Amino acid sequence: MAELVFFSGTMDCGKSTLALQMHHNHAARGRDGVLFTRQDRAGNAVISSRLGLQRRADEVDDTTDFWAEVVTRRTRGRPVDYLVADEAQFYTAAQVEQLARVVDELSADVFAFGITTDFRARLFPGSARLVELADRVEVLQVRALCWCGSRATHNARTVDGIMVVEGDQVVVGDVAATAGEAAYEVLCRRHHVRRMTARVARATGPSAQTLLFDDADGAPSGGAAR
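I will try to describe carefully the structure that is included in this document. Quick caveat: nothing in here was measured; it's all calculated off a predicted structure.

## Some details on the sheet that holds strand 7 (residues 109-114)
- Sheet architecture is open: six strands sit in the order 5-2-6-7-1-8, paired in parallel fashion. Unpaired on one side and paired on the other, strand 5 (58-59) and strand 8 (136-139) mark the two borders of the sheet.
- Across the sheet, helix 1 (residues 15-28) is in contact with strand 1 (4-8), strand 2 (33-37), strand 6 (82-85) and strand 7; its angle to strand 7 comes to roughly 160°.
- Relative to the sheet, helix 4 (residues 125-133) contacts strand 1, strand 7 and strand 8, its axis offset from that of strand 1 by approximately 130°.

## Quick word on the packing of aromatic side chains
- Scanning the model with the defined rule gives five aromatic pairs in all.
- Ring geometry for Phe7 against Phe113: centres 4.8 Å apart, planes inclined by 10°, an arrangement best described as stacked. With Phe7 in strand 1 and Phe113 in strand 7, this residue pair connects regions lying 106 residues apart in the sequence. Just as Phe7 is buried, Phe113 falls in that class too.
- With centroids separated by 5.7 Å and ring planes inclined at 90°, the aromatic side chains of Phe90 and Phe124 adopt a geometry described as edge-to-face. On the criterion of sequence distance, the pair formed by Phe90 in the loop between strand 6 and helix 3 (93-106) and Phe124 in the loop between strand 7 and helix 4 is long-range, its members being 34 residues apart.
- Owing to a relative accessible area of 15%, Phe90 belongs among the buried residues under this scheme.
- Among the aromatic residues, those joined into a cluster by ring pairs are Phe36, Phe66 and Tyr91.
- Positioned over the ring face of Trp67 is Arg101, at 3.5 Å from the centre of the ring.

Cut-offs used in this document
Residues numbered from 1 in each chain as written. Predicted model: local features only at pLDDT ≥ 70, side-chain atom pairs only at ≥ 80, totals over all residues. Heavy atoms only, no water. Pairing = 2+ DSSP bridges. Helix = DSSP H or I, 4+ residues; strand = E, 2+ residues; numbered from the N terminus. Contact = heavy atoms within 4.5 Å. Axes fitted to C-alpha atoms, helices over the stretch in contact; angles between N-to-C directions. Phe/Tyr/Trp six-rings, centres within 6.5 Å; stacked < 30°, edge-to-face > 60°. Buried < 20%, exposed > 50% of the residue type's maximum accessible area, 1.4 Å probe, protein only. Lys NZ or Arg CZ within 6 Å of the ring centre and 35° of its normal.

Shown next as structure tokens:
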């Protein structure tokens, strides 16, 4: 029986890698699938992983109708057994409803991958609708880590290493950017609330691994900096 499954998590937890692996596994068993993405950081019409994997995909925009996409392909002779929908947080609520209809009425599996919340810790419309409609929501087991070593649960937008909390919900960027451009960093809830990025943490105190030296011989003072 076909399913709509939403694989969610923060950045750096392997969503796009899993999307490509899932496509590979299904295609290797003779199933016919179509890959979709929207606003991938690597450019137009591509699914890319930070591990270096890439695959061409159909680019989604506000006019994309997933029901029509599948019906058109089937009319032309393709079976379309499944869809891989990456960057699904950027899809509209109506498009998520189309994906659910594809599952229910055309019996095609839909595997959607996306970030749940934005840089303000608020649900993306596409992700919210997926949580509401999906047969299953799977939180990826690969844990992204905050700079402090704790599990990262929030996505922060930064400019020059400083967290920003205002602006458009969708601004495409990566974990690194040139001066003055938007970048992203994953943080635990505590440091997201405190707006403490890795750069801010480095600027406000020495590393917990740093020994203090305070005599002429360079002997440690007896403990790590706090």
